[in-house]
Structure formats: C-alpha cells, structure tokens
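Summary of the model geometry
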Amino acid sequence: MITWLLIAFSLLLLGFNRTLALITLAFTAVSAFITGVITWQTLPIIFGILLLAFAYSRYKTQPLLRGIIILALIIIASGLAFHLIPGFNNLRYLSHTAIGIKSAPFSFYFNADKALLPFIFLIFIPTLFVCTPLKEANKLQWAMLIIAIPALLLIAVKLGGLAIELHLPSWLPAFILANLFFVSLAEKALFRGVIQQTLSRYLPPYVALLIAAIIFGLAHFAGGVLLVVFASLAGIIYGLAWMWSGRLWVSTLFHFALNLTHLLFFTYPFKIA
C-alpha cells in the first residue's frame with residue numbers, strides 16, 4: 001500500500017510544489033518497480049514522456065514541433081487513461097461487491113497509469129492547477145453550487161437511477177484515497193484543466209463549460225442514457241467550480257464530494273439502464 005500512498009502524495013504536491021512532486025514521483029517509481037505495480041514494459045513510456053517534456057521545453061516556441069509534441073503526449077495520455085499501455089499492474093481493491101441490499105455489485109481500482117495524467121498535462125499546460133478565474137461568483141452562488149450536489153443525486157432518485165440507501169463500509173478509507181486521487185483528480189485534469197481551459201481560450205466561458213460537460217457525459221455512455229445525462233449535469237457543477245475558482249483542486253473536491261455523498265447515502269453505483 002505504500003506505493004499507492006506515495007503516488008497520492010506526489011499528486012497532492014504537484015499542485016503546490018512541482019519540484020518536490022517530481023522528486024516524490026521518482027521515489028514512487030522505484031517503489032512501484034520493487035512492489036510490482038509497474039514492470040520493465042513501462043520504461044519506454046516513462047523515458048518517452050521525459051524526452052517529450054525536454055523537447056517541449058526546447059521547441060515550444062516553434063508551432064509545428066510544439067503541435068507534434070503535444071499530440072504525442074495526448075496519445076500517450078489517452079493510452080494511460082484507457083489502460084491500453086502494458087506494464088501497469090493496477091490494484092483491484094474491491095471486486096464485484098455489493099455495498100447494500102439495493103445496490104448492484106461493483107469493483108474499484110487503484111490506477112497507477114491514470115494517476116500519471118496530471119503530470120503529463122502539466123508539461124504543456126502550466127496553468128493546469130491554477131489559472132485566473134474566468135468568472136466571479138458570490139457566496140450565494142457558491143452555496144447554491146454546494147447544494148446542487150445532493151440535489152442532483154435526489155433528482156437521479158426521482159428518475160429511477162438511484163435509491164436512498166445508507167452505507168458506512170469498512171473499506172471507506174481506501175475508497176476515499178482511490179477516488180480522490182486516482183479518479184476525481186485525474187478526470188478533472190483532463191476535462192477541466194485541459195478540455196475546458198483550452199476551449200475557453202477560443203469560446204465564451206459558458207459555451208466552453210457546456211461543451212466540456214457534454215463530453216464528460218458522453219464518456220459515460222456505457223452506463224446508458226440516464227447516466228450520460230446525470231454525468232453531463234455533474235460536469236456543469238464541476239465546470240462552474242473550476243470557472244469560478246480557477247483552481248483544479250476546487251473542481252476535484254466537488255467531484256469527490258458528489259462521489260462520496262453518492263456512496264454514503266444512495267445506492268452505489270449508478271443504475272445501468
């Protein structure tokens with residue numbers, strides 16, 4: 001478990017001190033090799049990312065080379081996000097387990113490959129974690145955004161996607177660690193730090209927000225139409241949190257808060273239809 005704690009710690013540091021985060025990641029890589037979390041098959045990818053990072057720092061002022069390097073990094077990131085790159089032995093912490101009588105069986109993982117996404121995106125988006133807020137919001141708007149989390153889950157109950165069911169599983173600490181760092185942060189780095197931030201450079205902020213939210217919803221198409229709608233609405237909440245704060249961790253905490261509230265008070269996971 002020490003390797004997963006080190007990965008989480010390096011991700012936590014990444015938003016505040018990149019040098020310490022990279023040093024921690026280096027120690028984490030050694031630990032991951034020793035414990036078998038990663039194998040020799042990951043070495044070409046690791047060296048490839050390092051080489052691309054060096055190339056970007058040197059050629060970022062040349063549009064063509066810059067575009068080629070970014071494309072290569074995005075291809076690698078996509079392979080990691082969809083677990084297509086060999087050499088990662090992700091830990092399946094829970095396997096086909098029902099949390100309650102009304103809930104369907106589910107599994108959750110500690111994903112070392114997905115955890116690398118923020119490190120990759122930070123190479124070509126230095127404002128990944130912190131940027132200037134695109135819109136200002138008052139305390140009432142923030143309060144309404146917080147209330148929107150349980151409200152959205154209750155709407156899902158009305159639509160038949162969830163039911164109220166209280167849980168306090170013994171594996172809750174592991175879920176918190178895995179969901180916060182290896183799900184919420186990784187997804188927010190992609191959908192807010194990369195997609196919404198990039199779209200916002202060319203489109204009005206709310207248009208960029210809507211497009212990013214829809215893309216986030218469509219990424220859940222395997223769960224059915226209702227889950228796509230639910231995820232798109234959740235994406236609007238996460239997008240507003242990012243747009244109003246300019247901070248990736250704020251959006252991440254909103255995502256994590258929704259997932260944790262879902263787990264503790266409703267059937268989990270979402271009903272697939």
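Each value, and the rule that gives it
- Residues numbered from 1 in each chain as written.
- Predicted model: local features only at pLDDT ≥ 70, side-chain atom pairs only at ≥ 80, totals over all residues.
- Heavy atoms only, no water.
- UniProt positions renumbered as here; feature names shortened; annotations may be inferred.
- Helix = DSSP H or I, 4+ residues; strand = E, 2+ residues; numbered from the N terminus.
- 1 Å grid on protein atoms, 1.4 Å probe; cavity = no way out; pocket = protein on both sides within 12 Å on 5 of 7 lines; lining within 4 Å.
- Points joined across faces, edges and corners; volume = space filled by probe spheres on them.
- Nonpolar A, V, L, I, M, F, W, Y, C, P; charged D, E, K, R; others polar.
- Phe/Tyr/Trp six-rings, centres within 6.5 Å; stacked < 30°, edge-to-face > 60°.
- Buried < 20%, exposed > 50% of the residue type's maximum accessible area, 1.4 Å probe, protein only.
- Salt bridge = Lys/Arg side-chain N within 4 Å of Asp/Glu carboxyl O.
- Contact = heavy atoms within 4.5 Å.
- Axes fitted to C-alpha atoms, helices over the stretch in contact; angles between N-to-C directions.
- Parallel < 35°, antiparallel > 145°, perpendicular 65-115°, else oblique.
- Left-handed = near helix turned anticlockwise from the far one by under 90°.

Our next topic: the UniProt feature "domain: CAAX prenyl protease 2/Lysostaphin resistance protein A-like" (unreviewed entry) in the chain. Here, the residues flagged by UniProt with the feature "domain: CAAX prenyl protease 2/Lysostaphin resistance protein A-like" (unreviewed entry) are residues 170-260. The distance separating the terminal C-alpha atoms of residues 170-260 is 14 Å; by composition the span is 85% helix and 0% strand.

This part takes up the layout of surface pockets. The computed volume of the largest pocket comes to approximately 1,600 Å³. What lines the largest pocket is a set of 44 residues, and nearest its centre among them are Lys114, Val183, Glu187, Ala219 and His220. Secondary structure elements with two or more residues in the lining of the largest pocket: helix 4 (63-81), strand 2 (106-110), helix 6 (117-124), helix 8 (172-200), helix 10 (225-245) and helix 11 (248-265). For the lining of the largest pocket, the element with the highest residue contribution is helix 8, accounting for 10 residues. Of the residues that constitute the lining of the largest pocket, the class distribution is 31 nonpolar, 11 polar and 2 charged. Reported here for the second largest pocket is a volume of approximately 630 Å³. Taken together, 24 residues line the second largest pocket, and the ones lying closest to its centre are Leu22, Leu25, Leu50, Leu116 and Phe119.

So, on to the UniProt feature "transmembrane region" (unreviewed entry) in the chain. In this structure's numbering, the residues bearing the UniProt feature "transmembrane region" (unreviewed entry) are residues 31-56, 68-88, 108-130, 142-164, 170-186, 207-240 and 246-268. Across residues 207-240, helical content stands at 82% and strand content at 0%; the span's end C-alpha atoms are separated by 12 Å.

Taken as a whole and assessed by the stated rule, the structure comprises 19 aromatic pairs. Aromatic pair Phe106 and Tyr268: ring centres 5.0 Å apart, planes at 65°, arrangement edge-to-face. With Phe106 in strand 2 and Tyr268 in the segment after helix 11, this residue pair connects regions lying 162 residues apart in the sequence. Residue Phe106 is classed as buried on the basis of its relative accessible area of 7%.

All right, on to unusual backbone geometry then. Cis geometry is adopted by the peptide bond preceding Pro269, which originates at Tyr268 and carries an omega value of 5°. Locating Pro269 in the fold gives a position in the segment after helix 11. At His96, a residue that is not glycine, the phi angle is positive and equals roughly 45°.

Summed over all chains, the structure comprises 1 salt bridge. One salt bridge in this structure joins Glu187 and Lys114, with 3.5 Å as the shortest N-O distance. Residue Glu187 is found in helix 8, and its partner Lys114 is found in helix 5 (residues 112-115); the two are separated by 73 residues along the sequence. Across this residue pair, the class does not change: Glu187 and Lys114 are buried.

Structurally, Ile164 is set in the loop between helix 7 (139-158) and helix 8. Sequence separation between Ile164 and Phe265 is 101 residues; the distance between their C-alpha atoms is 6.0 Å. For Ile164, the residues in contact, after removing those within four places along its chain, are Lys102, Leu154, Val157, Phe265 and Phe266.

The N-to-C vectors of helix 8 and helix 11 enclose an angle of 135°; their axes lie 8 Å apart at closest approach. Taken as axis vectors, helix 8 and helix 11 run oblique relative to one another. Between helix 8 and helix 11 the crossing geometry is right-handed. Split by residue class, the contact of helix 8 with helix 11 holds 14 nonpolar, 7 polar and 3 charged.

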